[in-house]
Amino acid sequence: MKIKVICLLLVLLGTISTVSAHGIDVTYPTIVIADDSTGMQAKKVVDEMGVEVKVYKFKSAGDVEHHLEHSLTNPDKRILAVAYQETVNDFLDKNPQASNRIFLSSADEMDIKNGLILITSTNNKGSNSSNDTGLTSTSSSGFLIPLLAGLFIGLMAGLGLGAFWMKRKLI
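Let me begin by describing the structure that accompanies this report. Predicted model only: the values in this text are computed from it and were never measured.

Conventions used here
Residues numbered from 1 in each chain as written. Predicted model: local features only at pLDDT ≥ 70, side-chain atom pairs only at ≥ 80, totals over all residues. Heavy atoms only, no water. 1 Å grid on protein atoms, 1.4 Å probe; cavity = no way out; pocket = protein on both sides within 12 Å on 5 of 7 lines; lining within 4 Å. Points joined across faces, edges and corners; volume = space filled by probe spheres on them. Helix = DSSP H or I, 4+ residues; strand = E, 2+ residues; numbered from the N terminus. Nonpolar A, V, L, I, M, F, W, Y, C, P; charged D, E, K, R; others polar. Buried < 20%, exposed > 50% of the residue type's maximum accessible area, 1.4 Å probe, protein only. Pairing = 2+ DSSP bridges. Right-handed = clockwise from strand over helix to strand, strands pointing away. Phe/Tyr/Trp six-rings, centres within 6.5 Å; stacked < 30°, edge-to-face > 60°. Axes fitted to C-alpha atoms, helices over the stretch in contact; angles between N-to-C directions. Contact = heavy atoms within 4.5 Å.

Right, let's talk about the layout of surface pockets for a bit. Taken as a whole, the second largest pocket holds about 160 Å³ of empty space. Every residue lining the second largest pocket is listed: Leu12, Thr15, Ile16, Phe152, Ile153, Met156, Ala157 and Gly160. Going through the elements one at a time, helix 1 (2-15) and helix 6 (144-170) are the ones with two or more residues in the lining of the second largest pocket. In terms of residue count, helix 6 provides more of the lining of the second largest pocket than any other element does, five residues in total. Residues of the lining of the second largest pocket, tallied by class, amount to six nonpolar, two polar and no charged.

This is how it looks when you write it as structure tokens:
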């Protein structure tokens, strides 16, 4: 009898599909791409200006390109690249549709300030645009879908285990 229970449990666990967060962009909508040499300067400028921008220090060009690819699916994402500019230029050459949301800046303090002003003004203009469904943001349901999937899976597993347990209790 225990073998049947273990087999049933393995079949149930094997049929449950996983909810992966890899495809979901969980970073800030406005970011600065920096490296070890430009990160402190960019963070200082962001703090002085008091804008809601997150400075990310990347270790490789591959990480930057991967993060830039996430910006293709998120139309609210704004990026200022202070470092890895060659990688960003290559990405923009391949994806010109993102050129109005990804900007380049040198590591100079004044250039970073100008870039942040440009990004925040572009972000304010684009954040109120609505799409065909009438929703104001496409990323507003980013957490809701995995939550509902988890609740549904838990409900189905709970009902199955509850029915099995009640059947065992009645006999």
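Two faces belong to every sheet, and in a regular strand the side chains alternate between them. Covered by surrounding structure in strand 3 (residues 78-81) are Arg78 and Leu80 together with Ile79 and Ala81, the residues of both alternating faces. With four bridges joining them, strand 1 (residues 30-34) and strand 3 adopt parallel strand pairing. Residue pairing in the sheet places Ile33 in a bridge with Ala81 of strand 3. Sheet analysis places strand 3 next to strand 4 (residues 102-104), joined by three bridges and oriented parallel. Within the sheet, the bridge partner assigned to Leu80 lies in strand 4 and is Phe103. Since strand 3 and strand 4 lie parallel, the crossover through helix 4 (residues 85-94) that links them has a hand, and here it is right-handed.

Counted by the stated rule, this structure contains one aromatic pair. Plain terms: the ring middles of Tyr56 and Phe58 are 6.4 Å apart, the flat faces sit at 40° to each other, and that makes the pair tilted. Note on Tyr56: relative accessible area 22%, which makes it partly exposed.

Let us now look at the pairing of strand 1. Of all five residues that make up strand 1, five are buried, and the element is covered over most of its length. Side-chain alternation along strand 1 places Thr30, Val32 and Ala34 on one buried face and Ile31 and Ile33 on a second face that is also buried. As paired elements, strand 1 and strand 2 (residues 54-57) share four bridges and run parallel to each other. Within the sheet, the bridge partner assigned to Ala34 lies in strand 2 and is Lys57. What joins strand 1 to strand 2 is helix 2 (residues 39-49), and the crossover it makes is right-handed.

It is worth spelling out the sheet that holds strand 1 at this point. Strand pairing in a sheet relies on backbone hydrogen bonds. The paired strands run either parallel or antiparallel. Ordered by their spatial adjacency, four strands build an open sheet running 2-1-3-4, and the pairing between neighbours is parallel. Among the strands making up the open sheet, the edge pair consists of strand 2 and strand 4. Looking at each pair of strands side by side, their axes are set apart by 25° on average, direction ignored. Helix 3 (residues 61-73) rests against strand 1, strand 3 and strand 4 of the sheet, and its axis sits at about 160° to strand 1.

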